[in-house]
Protein chains: 2
Amino acid sequence: VSGEFAFIAQLRALATHPAARGLNDDCAVFDFGSETLVLTHDMLAEGVHFLAGQDPADVAWKLVTTNLSDLAAKGAEPLGVLLGYTLDDIGGGNDARFVVGLEEALTAYNTPLLGGDTISHTGLRSFGLTAVGRATHRPVPARSGAAIGNGLWVTGEVGRAMVGLEALTAGDANPQASLAYRRPLPLLAEGQALAPHVTAMMDVSDGLLLDAARMARASGITLAIDGQAVPIATDEARRGEALRWGDDYQLLFALPDGALPPVAATRIGTTIARRESPILLDGAPLSETSGLGYQHR
Amino acid sequence: VSGEFAFIAQLRALATHPAARGLNDDCAVFDFGSETLVLTHDMLAEGVHFLAGQDPADVAWKLVTTNLSDLAAKGAEPLGVLLGYTLDDIGGGNDARFVVGLEEALTAYNTPLLGGDTISHTGLRSFGLTAVGRATHRPVPARSGAAIGNGLWVTGEVGRAMVGLEALTAGDANPQASLAYRRPLPLLAEGQALAPHVTAMMDVSDGLLLDAARMARASGITLAIDGQAVPIATDEARRGEALRWGDDYQLLFALPDGALPPVAATRIGTTIARRESPILLDGAPLSETSGLGYQHR
C-alpha cells in the first residue's frame, strides 16, 4: 500500500531531531541533564500483531516486553512505561486478563506503570506502550556503527516464535509449545552487558535477515551471513523460514574482529564493504525486495 | 460500563510508583539525574474525541496540543513527542493531511518528533501521543496541593470549544467559528510562569466543574465556586453548559489568599474545608454523580 510508505517517509522527514533515531523500529536517545534517556513507543494491533481471541494476558506481556526489548538493544535499564489502552467493548473479563499479564511483565522486569490513557472504542483494538529507559553505557549502541571487518553475532536461536505461533494456531493443548510466541523475553541484562563492547546492536523483531539488512543500511556496509551458522529452533528443512521469521527478540550485534561477547552468542557473519545488496547469505545477494522476509508494520 | 471502571481502578492499583500521578488525566513526574522529567500519554479516538470526517490536520494538531497542555499544567517545557499512529485504510490523502497538522503543531511549539510507531488497522481509528517534558520549576505543580483559604483561578474563558464544536457540526462555512474546538492552544508559557506560585494546577480538559472536582478530591478540600465569576464564551443562558463542557484547555489553579497570578486570569472561587461534595457551586453541593458534567474517557 504505497500511501502508507509515503506517510511513513513523511513522518521520518519530520523526525530530524538528533535524538530521533527512527520510527517503527528504533528508540529515541537524548542527553537529559546528567543522564541519557532512551524512549520507545510500539503498538500491537489485533489481527496483525496478536490473534483475535488470544489471551489478553499474553498480549499485555508482549506489549511490555517488546518495548523493553527495544531498550535492551540500547543497553538501557527501564525506568517505567506509559500505557495507551483501548477498552474492550465485548466484556467477558478481557480487560481483567490484560491487567494480569501487565502486572506479570512489569513485575518480572521491575518496571513501574507511570501513567497512560484509556479510551472506549468499537471494533478491532490496538494498544500502545511507551517505555522510558536510562542508558547504562554511553555512547548508546546504535544500529549504524558496524564497521568493515566486524564479526556479526546473535544471541539464542531464531524460529522459536514461529514454531510457537504454529502451536498456538493449531490449538496445541500444551501451553509450553507456544510460550516463545506468547511470552517473549527482553534481553535487558544481555543488552547492558554488551553495550560497552558492540559497534552496532539491535533486537531481532521482524526477522533476522530483514533486521540485519537494516543494520547494514544504517551502517553503510554489507553483512555476509553464514546461514548454516545461525542457531535455529526448528528442523533443518525450515532453516530458511527461521531466518526470516520475527518475534524472537534476540539481540543482533557487531563486535570488532577477534573480540568475544560477554554473553552467550553465536558468530554468524562478517561485515564487508558495501555492495548493492545489504545482505549476502552464503554468498547470495538479498535485498528488501527479494529474499529477506515478510515485513509487517 | 462498570467493567471499564473496574479496569481503570485495577490499572491505578498497578500505578503505585511515586512518579505515577494518575492515569487518563495527569502526568508522570520523576527526578532523572539532575533534572525532573514530566511524561504524559493521551489518545484520541474517532467518534469519541474527534468526528469521523474531520480534517486529519486538525486531529493531529489536537493530539499534539492536548498532550502539551498536560505539560503546561506542570510548568514543563516540551522536549519531544512519540507518535502512535493507525494508518488510514481508506486513502484519499488523510494520512498526508495528518502530517500537515502534525508539523504545524510541532513547529508552533518548537517540539521535535522523536519517534513512534505506525500500524495497519481496519475500522475506527485511534491515535496516541507521548509528550516528554522538562520541569522548569520544582517542586512540580500537582493537583493535590490546594489548601484551605486559597483562591481558585482560571485563565481565559470556558465554553469556547463547545461553541466551536457546534459550528463544526452545523457546517459553518467560516473556519474561524470552529477554531477553538479544532485547534486548542496549550498554555505552555502561562504554565511555566505560574508554576512557582501555585499551590495546585491542572488543565481543564473535561469541563471546569468536573476538573475542579478532581482538584478538590486530590487536595482533600472543597472548592466553593462563584459561577457568575467564571468567564464564559457564550450567551449567559448557556453559562451552566459552559461550566460543564470540556476541550478548552485553560489552566485551573489555586493561589495563596491575596496572591495575584503573573498571567491574565480570573478568580472564580475559594478553597474551604472538605465537605461531602467536592464542589459548592454558588452554595449548592455538586458531586461526580450529579451536576458536574459529562465525563468521556
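Residues numbered from 1 in each chain as written. Chains lettered and ligands numbered in written order. Predicted model: local features only at pLDDT ≥ 70, side-chain atom pairs only at ≥ 80, totals over all residues. Heavy atoms only, no water.

*Asks:* Describe the relation of the copies chain B and chain A, naming the residues involved and giving the relevant values.
*Replies:* The operation relating the two chain copies consists of a rotation about an axis and a shift along that axis. When chain B is brought onto chain A, the operation consists of a screw motion whose angular component is 180 degrees and whose axial shift is 0.0 Å, with 0.0 Å RMSD remaining. In short, the pair behaves as if placed about a two-fold rotation axis. In this assembly the copies share their binding face: 100% of the residues contributing to the interface of chain B also contribute to that of chain A. (Least-squares fit on C-alpha atoms with pLDDT ≥ 70 in both. Contact = heavy atoms within 4.5 Å.)

*Asks:* Help me get a handle on the packing of aromatic side chains, residues and values and all.
*Replies:* All names here are of chain A. Considering all chains together, one arrives at 13 aromatic pairs over all chains under this definition. Between Trp61 and Tyr109, the ring centres sit 6.1 Å apart and the planes meet at 65 degrees, which makes this aromatic pair edge-to-face. Remark: Tyr109 occurs in the loop between α3 (94-108) and β4 (113-119) and Trp61 occurs in helix α2 (residues 56-72); sequence separation between them is 48 residues. Members of the aromatic cluster, connected to one another through ring pairs, are Phe50, Tyr85, Phe98 and Phe127. For the cation-ring pair, Lys62 lies above Tyr181, with the distance from its terminal atom to the ring centre recorded as 3.8 Å. (Phe/Tyr/Trp six-rings, centres within 6.5 Å; stacked < 30°, edge-to-face > 60°. Helix = DSSP H or I, 4+ residues; strand = E, 2+ residues; numbered from the N terminus. Lys NZ or Arg CZ within 6 Å of the ring centre and 35° of its normal.)

*Asks:* Give me the pairing of strand β10 (residues 266-272) of chain B: which residues, what numbers.
*Replies:* Residues and elements named next belong to chain B. Both strand β6 (residues 151-154) and β10 contribute to a ladder of four bridges, which runs antiparallel. Bridge pairing links Leu152 to Gly269 in β10. Note: strand β8 (residues 222-225) against β10, four bridges, orientation antiparallel. If you follow Leu223 over to β10, its bridge partner there is Thr271. (Pairing = 2+ DSSP bridges.)

*Asks:* Outline the sheet that holds strand β7 (residues 200-203) of chain B, supporting the account with residue identities and numerical values.
*Replies:* Residues and elements named next belong to chain B. Taking strand neighbours across the sheet as the criterion, the seven strands line up as β7-β9-β6-β10-β8-β11-β12 in an open arrangement whose pairing is mixed. Single-partner strands in this sheet number two, and they are β7 and β12 (284-286). Put simply, the sheet's adjacent strands are angled 25 degrees from each other on average, direction ignored. Contacts between helix α7 (residues 208-219) and the sheet are confined to β6, β7, β8, β9 (251-255), β10, β11 (279-281) and β12, with β7 contributing the most and set at about 145 degrees to the helix. (Axes fitted to C-alpha atoms, helices over the stretch in contact; angles between N-to-C directions.)

*Asks:* A description of the interface of chain B and chain A should follow, citing residues and the corresponding values.
*Replies:* It is common to give the size of an interface as the accessible area that goes away when the parts come together. Listed by partner, the interface residues are 63 residues for chain B and 63 residues for chain A. Summing the contributions of chain B and of chain A, the shared interface buries around 5400 Å²; its carbon and sulfur component is 72%. Looking only at chain B, the three residues that lose the most surface to chain A are Phe7, Leu14 and Phe32 of chain B, adding up to 13% of its buried area. At the boundary of chain B and chain A, one finds zero salt bridges. (Buried area = accessible area lost by both parts, 1.4 Å probe. Salt bridge = Lys/Arg side-chain N within 4 Å of Asp/Glu carboxyl O.)

*Asks:* Quick one: what's the story with the pairing of β8 of chain B, residue by residue and with numbers?
*Replies:* With three bridges joining them, β8 of chain B and β11 of chain B adopt parallel strand pairing. In the sheet register, Ala224 of chain B faces β11 of chain B, and the bridge partner there is Leu280 of chain B.

*Asks:* So what about helix α4 (residues 160-169) of chain B? Which residues, and what values?
*Replies:* Residues and elements named next belong to chain B. Along α4, the residues that are buried comprise Ala161, Met162, Gly164, Leu165 and Ala167. In this fold, the buried residues of α4 make contact with α5 (179-182) and α8 (239-242). Looking one or two residues beyond α4, the residue adopting positive phi is Gly171, at roughly 75 degrees. (Buried < 20%, exposed > 50% of the residue type's maximum accessible area, 1.4 Å probe, protein only.)

*Asks:* Could you give an account of unusual backbone geometry, naming the residues involved and the relevant values?
*Replies:* Residues and elements named next belong to chain A. Between Arg138 and Pro139 the backbone carries a cis peptide bond, its omega angle lying at 0 degrees. With respect to the secondary-structure elements, Pro139 resides in the loop between β5 (126-135) and β6 (151-154). If you check the backbone angles, Asp282 has positive phi at about 50 degrees while not being a glycine. The exposed category is assigned to Asp282, whose relative accessible area is 52%.

*Asks:* If you had to explain the packing of helix α2 (residues 56-72) of chain B against helix α3 (residues 94-108) of chain B to someone new, which residues and values would you point to?
*Replies:* Residue and element names in this part refer to chain B. Two numbers describe how α2 lies on α3: the axes approach to 7 Å, and their chain directions differ by 40 degrees. Accordingly, the angle class assigned to the pair α2 and α3 is oblique. As for the relative orientation of α2 and α3, their crossing is right-handed in sense. For the pair α2 and α3, the contacting residues are Pro56, Ala57, Ala60, Trp61, Leu63, Val64 and Thr65 in the first and Asn94, Arg97, Phe98, Gly101, Leu102, Glu104, Ala105, Leu106 and Ala108 in the second. Looking at the contact of α2 with α3 residue by residue, the class counts come to eleven nonpolar, three polar and two charged. (Parallel < 35°, antiparallel > 145°, perpendicular 65-115°, else oblique. Left-handed = near helix turned anticlockwise from the far one by under 90°. Nonpolar A, V, L, I, M, F, W, Y, C, P; charged D, E, K, R; others polar.)

*Asks:* Run through the pattern of salt bridges, naming residues and quoting values.
*Replies:* Tallying each qualifying case throughout the model produces 36 salt bridges over all chains. Where Arg214 of chain A meets Asp206 of chain A, a salt bridge forms, and the shortest distance between an N and an O atom there is 3.0 Å. Note on accessibility: Arg214 of chain A and Asp206 of chain A belong to one class, buried. For Arg182 of chain B, the salt bridge is made with Asp58 of chain B, and the minimal N-O distance between the two is 2.9 Å. Of this pair, Arg182 of chain B sits in helix α5 while Asp58 of chain B is found in helix α2, placing the two residues 124 residues apart along the sequence. Summarising the burial analysis for this pair, Arg182 of chain B and Asp58 of chain B share the class buried.

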